[in-house]
Amino acid sequence: MSRIHSQREASGYANSGASRTKRAFREWFAEGLAPDEDITRNLPLLRARSRDLYMSSPLAAGAIKTITSGVVGSGLMVHPHVDREVLGLSDTQATEWEKNVEREWLAYSESTACDAQRSMNFYQMQRLVFMSALMSGDCFVAMPYIERPNSHYSLKGYLIEGDRICNPTNKYSADLCDLSKDIREGIEIGDYGEAKSYYIAKFHPGDYSGKRAKFNGDDFVKVEAYGASGRHNILHIMDYERPGQRRGVPLLSSVLENLKQIERYDSSELMAAVISSYFTVFLKKNHPADGINTDIPSLNQEIEDIDPSTIRLGQGAITTLPSDTDIEIANPQRPNSLYSAFIETQARMMGAGIDLPYEMLVKHFIASYSASRAAQLEANKAFRIRREMFVGQFIKPFFKEWLLEAICKGRVSAPGALEDPMIFDAYTHINVVGDSVGCLDPTKEVQAAILRINNNLSTIQQEAGELNGMSAEDIASQREKELKMFEFIAKATAKSSDTNSKTENQEENTNKDEDKGDEEQVDNADSNTDK
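No experiment lies behind these values; they were computed from the predicted model shown.

A. Representation of the overall build of the protein chain. Helix and strand content of the protein chain: 17 helices and twelve strands. Restricting to contacts in the protein chain with at least 6 residues of sequence separation, those with at least 24 account for 67%. Here the protein chain has roughly 32800 Å² of accessible surface; of this, 53% comes from carbon and sulfur atoms.

B. Here's a closer look at the sheet that holds strand β3 (residues 158-161). Strand order in the open sheet made by the three strands is β3-β2-β8, with antiparallel pairing throughout. Only two strands of the sheet have a single neighbouring strand rather than two, namely β3 and β8 (234-238). Each strand axis lies, on average, 25° off the axis of its neighbour in the sheet, ignoring direction. Bridge count for strand β2 (residues 138-142) against β8 is five bridges, and the pairing is antiparallel.

C. Examining the packing of helix α6 (residues 91-109) against helix α13 (residues 369-408) more closely. The interhelical angle for the contact between α6 and α13, taken along N-to-C directions, is 105°, at an axis separation of 12 Å. By the angle between their axes, α6 is roughly perpendicular relative to α13. Two secondary-structure elements touch here, α6 through W97, V101, E104, W105 and Y108 and α13 through F398, F399, W402 and L403. In the contact of α6 with α13, the residues fall into eight nonpolar, no polar and one charged.

D. Representation of unusual backbone geometry in the model. Positive phi values are uncommon outside glycine, yet R118 reaches one of about 60°. By the element assignment, R118 lies in the loop between α6 and α7 (122-136). For N150, which is not glycine, the phi torsion reads 60° and is therefore positive. With respect to the helices and strands, N150 occurs in the loop between β2 and β3.

E. Spotlight on α6. Taking 1.5 Å per residue as the helical rise, α6 with its 19 residues ought to reach 27 Å, and the 26 Å between its terminal C-alpha atoms agrees with that figure. Turning to α6, the residues buried within the fold contact β1 (77-80), α5 (84-87), α7, α13 and α14 (421-427).

F. Structural detail: the sheet that holds strand β7 (residues 220-224). Taken in spatial order, the four strands of this open sheet run β4-β5-β6-β7, and their pairing is antiparallel. The outermost strands of the open sheet, each flanked by one partner alone, are β4 (182-184) and β7. Averaged over all pairs of adjacent strands, the angle between their axes in this sheet comes to 20°, without regard to strand direction. One ladder, built from three bridges, connects strand β5 (residues 187-189) with strand β6 (residues 195-201); its direction is antiparallel. Directly across from E188, in β6, lies its bridge partner S197.

G. Looking closely at the environment of F383. By secondary structure assignment, the location of F383 is in helix α13. Judged by its relative accessible area of 6%, F383 is buried. For the pair F383 and V71, spaced 312 residues apart in sequence, the C-alpha separation works out to 5.1 Å. Excluding its chain neighbours within four sequence positions, the residues that come into contact with F383 are T66, I67, G70, V71, L356 and M360.

H. Structural context of the packing of aromatic side chains. Taken as a whole and assessed by the stated rule, the structure comprises 19 aromatic pairs. Judged by centre distance (6.3 Å) and plane angle (25°), the ring pair of Y108 and W402 falls under stacked. Remark: W402 occurs in helix α13 and Y108 occurs in helix α6; sequence separation between them is 294 residues. In this structure, Y108 and W402 share a single accessibility class: buried.

I. Representation of helix α4 (residues 58-71) within the structure. The first and last C-alpha atoms of α4 sit 20 Å apart over 14 residues, in line with the 20 Å expected at 1.5 Å per residue. Within α4, burial applies to L59, A60, A61, A63, I64, T66, I67, T68 and V71. As for α4, its buried residues are in contact with α3 (43-56), α7, α10 (256-277), α11 (339-353), α12 (358-362) and α13. Of the residues one or two after α4, G73 is the one with positive phi, at around 65°.

J. Looking closely at a nonpolar patch on the surface. A cluster of nonpolar side chains, L483, M485, F486, F488 and I489, forms an exposed patch at the surface whose accessible area comes to about 530 Å². With respect to the element layout, M485 can be found in helix α17 (residues 472-530).

K. How the structure looks around the pattern of salt bridges. The tally for this structure, following the rule as stated, stands at 25 salt bridges. Within this structure, R47, R51, E161 and D163 form a network of salt bridges that share partners.

L. Geometry of the packing of α10 against α11. In the contact formed by α10 and α11, the axes pass within 11 Å of each other and the chain directions differ by 165°. Classified by the angle their axes make, α10 and α11 are roughly antiparallel. Crossing angle aside, the handedness with which α10 passes α11 is left-handed. Counted together, N258, L259, I262, Y265, D266 and E269 of α10 and Y339, F342, I343, Q346, M349 and M350 of α11 form the full contact between these two elements. Across the contact of α10 with α11, the residue classes tally to eight nonpolar, two polar and two charged.

M. Quick look at the nonpolar core. Core analysis: the largest hydrophobic core is formed by 72 residues, its most contacted members being F394 and W402. If near-sequence neighbours (up to four positions away) are discounted, W402 is found in contact with V101, E104, W105, Y108, Y153 and L155. Ranked by size, the runner-up nonpolar core spans ten residues in total, among them A142, I160, I165 and I189.

N. Quick look at the environment of G190. Here G190 shows up in the loop between β5 and β6. In this structure, the C-alpha to C-alpha distance between G190 and S180, residues ten residues apart in sequence, is 9.7 Å.

Rules and cut-offs
- Residues numbered from 1 in each chain as written.
- Predicted model: local features only at pLDDT ≥ 70, side-chain atom pairs only at ≥ 80, totals over all residues.
- Heavy atoms only, no water.
- Helix = DSSP H or I, 4+ residues; strand = E, 2+ residues; numbered from the N terminus.
- Contact = heavy atoms within 4.5 Å.
- Areas by Shrake-Rupley, 256 points an atom, 1.4 Å probe, with all protein chains shown as cover.
- Pairing = 2+ DSSP bridges.
- Axes fitted to C-alpha atoms, helices over the stretch in contact; angles between N-to-C directions.
- Parallel < 35°, antiparallel > 145°, perpendicular 65-115°, else oblique.
- Nonpolar A, V, L, I, M, F, W, Y, C, P; charged D, E, K, R; others polar.
- Expected span 1.5 Å × (residues − 1).
- Buried < 20%, exposed > 50% of the residue type's maximum accessible area, 1.4 Å probe, protein only.
- Phe/Tyr/Trp six-rings, centres within 6.5 Å; stacked < 30°, edge-to-face > 60°.
- Patch = residues over 30% accessible without salt bridge, like charges linked within 9 Å, V, L, I, M, F, W, Y side chains within 5 Å.
- Salt bridge = Lys/Arg side-chain N within 4 Å of Asp/Glu carboxyl O.
- Left-handed = near helix turned anticlockwise from the far one by under 90°.
- Core = buried A, V, L, I, M, F, W, Y, C linked by side-chain atoms within 4.5 Å.

Function cannot be inferred from these measures alone, as they are strictly geometric.
Following this line, the structure appears as structure tokens:
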């Protein structure tokens, strides 16, 4: 029986990934922990290391900036697109309503009136929120109403870095000991894992200036996740990896070790190459009485107090040595011929870990058109996924909150929106358009777009957005203006040509008449002479 039992134990995954006896797994200790244990407990350190690499590693900074540019770009544009059937609007009525709302929205979103700090417009806020979520794991946006002069709307976006959402240490610290409350890393969740409230530090925990030193019992604020009406008080932007996860994970978490080792290796290679490039002449003195050893600095080296016994390498330096002293320098053999291949391999592994093709990560397109296009398409898949997440977590909720204020203030007419949630949702439908993907070969891609449209596989709206980021309506409107302008120019040019032609003809006739008159005068004069 024991033999059969042992055979069963060694069956299935026990012979592969779950083996406890294979040499490869003997020192691999893994434990299935809850999301809060795996993520929340380690988040502060992951966040700090991610930011440190962003500030020191070109690959880390490039990855975050490339993804931010691909997802947000210069800003995601909002175009209202109401549900005509639910609202019972004709196409003309719906189009007019959408134009009016878009006009109001642009006036608000393109100014700093939407920012509580009065420093960014809505599109600049988008970029900062998304980049902060990538770098820190998550970002929070509060939506307070602040009355200010010369501002039609009171709604403001207040950006909160992830560090400030943390467990309270003031009068709210008693909540941490309340077993009926589930609080981790500044977020209290309910029975179904929904956020109930946030604990926000008034100052950044890493701020060691005078403000941080003056922390007192009121250094935290507790904000309910939803108001009494069900509106969002706080928007939480993050990418989910596991059910029950309450805080986000920095983008670089899985590749932190690779990035740090690459940074160290790169610095070592650079230093070795610099040292290898130095040319130093050593003067050996056979008689100690000839004097002390001195350093002669190179031309671009700053002159400073130097220890006479110090032996230094430099750019064109001349250094004397004590008597009976020999110099033996190891040849670093730099630049390293394998450096490029090694860095490329590591960059490919890193790109796979963060869902970004190597070509996009290092901005290096030397392969064929097909290979470069494939890398771009793979990156765009990941960009679309992240964009949908970002639109759903930040842009749509913020637009809905703004539209509600516009309706309440009477600046936008929306009959029934305040009485029926379904009617209000019908008014809040939007299309979000970002920057164009760009073309590696414009001729091929435009021809492909035309084929998709002609075969009913796509729409002009979609193809226009992907090619240049503009809507089909804007393109048609602009082309109409341009054609009218060209028609006017053509007519003006034709009229000018006719006028010039007539003037030339008149001048020619006048010249002919003058010539004819001159000839007649000459003939008369000759006739008189003959007489």
